[in-house]
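If you want the building blocks of each chain, they are given just below.
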Amino acid sequence: MFQDRRLGLLLLAPATVFILVGFLLPVVILLSGAFKTDAGWHFQNFTEFFSQSLNREVFWRTFRLGLWVTGVSALVGYGVALTIVDASATQRGRLVAALVLPLMISPVARTYAWVVILGRTGIVNGFLTSTGILDSPARILFTETAVFIGLVQLFFPLMVLPLISALENLPRDVVPAARMLGANWFQVFWKVILPLTREGLVVGGTLVFVGSLTAYVTPAILGGSKVLMLETLLYQRVSVANDFASAAVIAVILILMAVLTNVVLKRIASTGKGGAK
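Residues numbered from 1 in each chain as written. Predicted model: local features only at pLDDT ≥ 70, side-chain atom pairs only at ≥ 80, totals over all residues. Heavy atoms only, no water.

1. Observations regarding helix 2 (residues 44-51)
Those residues of helix 2 lying buried are Asn-45, Phe-46 and Phe-49. Around the axis of helix 2, the buried residues are gathered within 100° of arc, so they sit on the same side. Summarising the geometry of helix 2, the exposed residues directed more than 90 degrees from the buried face are Thr-47 and Ser-51. (Buried < 20%, exposed > 50% of the residue type's maximum accessible area, 1.4 Å probe, protein only. Helix = DSSP H or I, 4+ residues; strand = E, 2+ residues; numbered from the N terminus. Arc of directions from axis to C-beta.)

Shown next, in the form of structure tokens:
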């Protein structure tokens, strides 16, 4: 048994070295730059970062859009997931295929498609002006609305798929039982379906929120320089300003937000389980 253990450790050694050298070491070096200054190691870089109004605005915009994208994806996602679960086997396969198909297309191509749709001469403005709703094309591109639409379309399947898995494991008799006891559909969803599918919501919410925080292509194309988010601001600080200290601060903020999101959602899910018991 001792020899088998040694053999296992030897087999794990190449992968361990690769992860340490290729991933962990560069990340540690990058993140250490956020705390290292000429005066030593402390939080001066964070203080200077948040002392600038632009940085605070970009931080809150990123956080706000992440919450909106996650919330809308969850609300609409439950309806889509319930529809797919209740459909027949043939229809379910088609609906899931239609849901997964966008994931097989490059995010760059999908984002540029929104440029065509939302541009001044795009489909949306063409419809609004031709029907007389607007006298002149509206500016939709390079706004928070455009970034929001692009992020929802980009990450919506990542919310629906975990919800489908959670709903498929939902006992079939709980909803009819709640309806027989006099609960309306809102009460059935709020007190029965939602508590029993919290884990799927946690997985989907984590994927969508963290993805919205860290996405670069969609905010860069649909938001441009007028709607900066943390990831586009990080790129500017590195490629334009050569400000690696601020870039490291942004990287730390993004990592902390991702970790805290997962912790909070897991805590909510565990609290729901405790209440259900």
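There is more to say, and it comes next.
2. Some words on the layout of surface pockets
Of the pockets and cavities examined, the largest pocket occupies roughly 400 Å³. Lining the largest pocket are 20 residues, and of these Thr-70, Gly-205, Val-264, Leu-265 and Ile-268 sit closest to its centre. Counting residues per element, the ones that place at least two in the lining of the largest pocket are helix 3 (53-86), helix 10 (198-214) and helix 13 (244-276). Ranked by residue count, the leading element in the lining of the largest pocket is helix 13, at eight residues. Class assignment of the residues belonging to the lining of the largest pocket gives a composition of 15 nonpolar, four polar and one charged. Roughly 230 Å³ of volume is contained in the second largest pocket. Looking at the second largest pocket, it is lined by 14 residues, and the ones nearest its centre are Leu-82, Asp-86, Leu-170, Val-175 and Ile-193. When residues of the lining of the second largest pocket are traced back to their parent elements, those giving at least two are helix 3, helix 8 (174-180) and helix 9 (185-196). Per element, the largest residue contribution to the lining of the second largest pocket is four residues, and it comes from helix 9. Here the lining of the second largest pocket is built from residues that sort into twelve nonpolar, no polar and two charged. (1 Å grid on protein atoms, 1.4 Å probe; cavity = no way out; pocket = protein on both sides within 12 Å on 5 of 7 lines; lining within 4 Å. Points joined across faces, edges and corners; volume = space filled by probe spheres on them. Nonpolar A, V, L, I, M, F, W, Y, C, P; charged D, E, K, R; others polar.)

3. As for the pattern of salt bridges
Any two side chains of opposite charge can pair, on the condition that their charged atoms come close. Here the structure, examined in full by the defined rule, presents four salt bridges. Taken together, the shared-partner salt bridges in this structure form one network comprising Glu-57, Arg-61, Arg-64 and Glu-144. (Salt bridge = Lys/Arg side-chain N within 4 Å of Asp/Glu carboxyl O.)

4. Some remarks on the domain arrangement of the chain
The domain boundaries assigned to the chain delineate domain 1 (1-42) and domain 2 (53-275). Between the C-alpha centres of domain 1 and domain 2 there is a distance of 33 Å. Here domain 1 packs against domain 2, burying approximately 400 Å² in sum over the two surfaces, 89% of which is carbon and sulfur. When the buried surface of domain 1 facing domain 2 is broken down by residue, Leu-30, Leu-31 and Ala-34 rank first, second and third, together holding 75% of it. Counting across the interface, domain 1 meets domain 2 through zero salt bridges. Counting across the domain 1 and domain 2 interface gives zero residue pairs in polar contact (both at pLDDT 80 or more). When its residues are assigned to classes, the side of domain 1 that touches domain 2 shows four nonpolar, one polar and no charged. (Domains from an automatic or database assignment. Buried area = accessible area lost by both parts, 1.4 Å probe. Polar contact = N/O pair within 3.5 Å; in protein donor to acceptor, adjacent residues only side chain to side chain.)

5. Quick notes on the packing of helix 5 (residues 107-118) against helix 6 (residues 123-130)
In contact at an axis separation of 4 Å, helix 5 and helix 6 are set at 15° when each is read in the N-to-C sense. With respect to helix 6, the element helix 5 is oriented roughly parallel. The segment helix 5 lies against helix 6, with Val-116, Ile-117 and Leu-118 engaging Ile-123, Val-124 and Asn-125. Residue composition of the contact of helix 5 with helix 6, grouped by class: five nonpolar, one polar and no charged. (Axes fitted to C-alpha atoms, helices over the stretch in contact; angles between N-to-C directions. Parallel < 35°, antiparallel > 145°, perpendicular 65-115°, else oblique. Contact = heavy atoms within 4.5 Å.)

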